[in-house]
Amino acid sequence: MLQKVWFQFQRKRKQAGYAGVILWVAFSYLLMISEIPDQMYVELGEEPRMAFGVPVTGTVVDSTQAFANQKYGGKGAIHLTANTAGQQSAPSYQIVCKLFGAIPVKQISVQEVDKKTLLPAGTNIGIYVRCEKVMIIGTGEVIDQSGSRQEPAKNVVRSGDCILAVDGEEIQTKEQLVKKVASCSGNKIELLLKRNGETISVSVKPVRSKDGVYQIGLWVRDDIAGVGTLTYISDEMDYGALGHGVTDADLGSLLSLKTGAIYQTTILDVRKGKRGQPGEMSGMINYDEKYKLGSVKENTSVGIYGKLAVLPQEVQDVDALPVMYKEGIKKGKAQIISSVEGHRQAYDIEIAHTDYHSEGNNKGIQFCVTDRALLEDTGGIVQGMSGSPIVQNGHIIGAVTHVFISDSKMGYGVFIENMLEH
């Protein structure tokens, strides 16, 4: 009996051991895959090089290429001659990665791009944008003439709805909305709304307020202003800024832009960040036309874009830097360029991790602020520093986007190619 129990125990131990090995292999495989990007960029005339840190080799599989079926690799590094003398490469090709040169594990899409340089700005800007439509933030109570509290729009509209028209007349500002409601004579009004991509119509019965004005109890927004950082400027005076989109502070949704502009701004105060509470830069935006730097043409999830009319004074003597794509980023020392002290300055950081699979988002770079002066002044990353360019080894690699709520010394950045792909 004891011998039987012993054999069962040994069998279960072996089964548990096998399961542990399988889990370890699966985890190692997933970890290895995460170290290899789905896509990489190669500048025209350059060789694709990248140290994976895993034992893979690869083969170009696009037969239209002059270098098709050439192999690269060995000890986890790509090394492939992408252009041969007298031949011009196609704009893209595929590389199949094989573990130990035998087991296919992943395919990388390689895109050839023109060499690009950008001026790393790092200067503060004031941002003003006007929404394409009036956005509903929420509903509120109206005190009627009898002193009772009513909420006429409750359960009729939703936060995030955009008002397209009132009683068949298109509106684009909150002033137009107030005027239409005030002139309704107490009759029901029809609101044409855009909700989750669909157009719907709802009815609301206005309430005559204590002041004798008809109201429907809506909190709305048709513009927004704030302070951020200019990331880069191209040779054509095109710019990118923020590294994330302009969103509604209450709803977190990306604002649909009608018009916008960026202005010179003066930083008045910096509230130091601390655990659980990010710091913040507050400034005064100079809306006078002579302080206008340029227009805002696009508002996307990875930044705002437009064209400068004038070059900011702080960067007129700054040299442009070549772009470094994500596969060239190394863990370790880098700098962010910002103007938290009122003038453009580089601050030291350490890049801790790069997420190659962050396509379409703005958290591909994880870093830690190590600069003593910046830590003393701000505690790390504060609101308003979004868009500060990240530079490594004389190349612009990305822009600051977010701060860790739990630790203001830690931050995220967006890859520069994500901003350039908008």
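Residues numbered from 1 in each chain as written. Predicted model: local features only at pLDDT ≥ 70, side-chain atom pairs only at ≥ 80, totals over all residues. Heavy atoms only, no water.

## Here's the deal with the overall build of the protein
- Counting secondary structure elements, the protein contains four helices and 33 strands.
- The buried share of the protein, reckoned over its 422 residues, is 45%.
- Expressed as a percentage of contacts within the protein between residues at least 6 apart in sequence, the contacts between residues at least 24 apart total 66%.
- Accessible area of the protein: about 21,600 Å², with a carbon and sulfur share of 50%. (Helix = DSSP H or I, 4+ residues; strand = E, 2+ residues; numbered from the N terminus. Buried < 20%, exposed > 50% of the residue type's maximum accessible area, 1.4 Å probe, protein only. Contact = heavy atoms within 4.5 Å. Areas by Shrake-Rupley, 256 points an atom, 1.4 Å probe, with all protein chains shown as cover.)

## A few points about the nonpolar core
- In terms of nonpolar packing, the biggest core is built from 24 residues, with Val129, Leu230, Tyr239, Ile262 and Ile304 touching the most fellow members.
- Residue assignment for this core shows that the elements contributing at least two residues are strand S9 (124-139), strand S18 (218-233), strand S19 (238-241) and strand S20 (257-263).
- Tallying contributions element by element places S9 first for this core, with six residues.
- Those residues in contact with Tyr239 that sit more than four places away from it in its chain are Leu230, Tyr232, Ile233, Ile262, Ser295, Val296, Ile304, Tyr305, Gly306, Lys307 and Leu308.
- Among the nonpolar cores identified, the runner-up in size contains 20 residues, and Tyr347, Ile349, Ile381 and Val382 belong to it. (Core = buried A, V, L, I, M, F, W, Y, C linked by side-chain atoms within 4.5 Å.)

## A word on the sheet that holds strand S21 (residues 265-271)
- An order of S21-S22-S30 is seen for the three strands of this open sheet, with the pairing classed as mixed. The sheet is open, and its two edges are formed by S21 and strand S30 (382-383), each paired on a single side.
- In the sheet, S21 pairs with strand S22 (residues 279-285) via six bridges, with the strands oriented antiparallel. Each residue of the ladder has a partner; that of Asp269, found in S22, is Ser282. (Pairing = 2+ DSSP bridges.)

## Points about the pairing of strand S1 (residues 39-43)
- Counting buried positions along S1 yields four of five residues, so the element is predominantly enclosed.
- Two elements, S1 and strand S7 (residues 103-113), share five bridges in a ladder whose sense is parallel. Within the sheet, the bridge partner assigned to Glu43 lies in S7 and is Val113.

## Remarks on the environment of Gly147
- In this fold, Gly147 is placed in the loop between strand S10 (142-143) and strand S11 (149-150).
- Its relative accessible area of 46% is what places Gly147 among the partly exposed residues.

## Describing the state of the cysteines
- For the structure on display, the rule yields zero disulfides.
- For the unlinked cysteine Cys162, the closest cysteine sulfur is that of Cys131, found at 7.8 Å.
- The class of Cys162 is buried, set by a relative accessible area of 16%. (Disulfide = S-S within 2.5 Å.)

## Side note on the side chain of Ser209
- With respect to the element layout, Ser209 can be found in the loop between strand S16 (207-208) and strand S17 (214-215).
- By relative accessible area, Ser209 is classed as buried at 4%.
- Every residue in contact with Ser209, bar those within four places of it in the chain, is listed here: Val142, Ile143, Asp144, Gln145 and Gln215.

## Re the pattern of salt bridges
- Tallied over the entire structure, the rule returns eight salt bridges.
- In this structure, Arg130 engages Asp222 in a salt bridge whose closest nitrogen and oxygen atoms are separated by 3.3 Å. A residue pair is termed long-range when its members are at least 10 positions apart, and Arg130 in strand S9 and Asp222 in strand S18 qualify at 92 residues.
- As a salt-bridge pair, Lys307 and Asp238 come within 2.9 Å of each other at their nearest N and O atoms. (Salt bridge = Lys/Arg side-chain N within 4 Å of Asp/Glu carboxyl O.)

## Some remarks on the sheet that holds strand S27 (residues 332-338)
- One closed barrel holds the six strands; their spatial order is S27-S28-S29-S33-S32-S31, and the pairing between them is antiparallel. On average, each strand axis in the sheet is tilted by 45° relative to the strand beside it, whichever way the strands run.
- As defined by bridge partners, strand S29 (residues 365-369) adjoins strand S33 (residues 407-415) across four bridges and the pair is classed as antiparallel. In the sheet register, Phe367 faces S33, and the bridge partner there is Gly411. (Axes fitted to C-alpha atoms, helices over the stretch in contact; angles between N-to-C directions.)

## Quick notes on the environment of Leu118
- Residue placement: Leu118 occurs in strand S8 (residues 117-120).
- The spatial distance from the C-alpha of Leu118 to the C-alpha of Ser234 is 5.2 Å, given a sequence separation of 116 residues.
- Once you skip the residues sitting within four places of it in the chain, Leu118 turns out to touch Tyr232, Ile233, Ser234, Ala320, Leu321, Val323, Ile396, Ile416 and Leu420.

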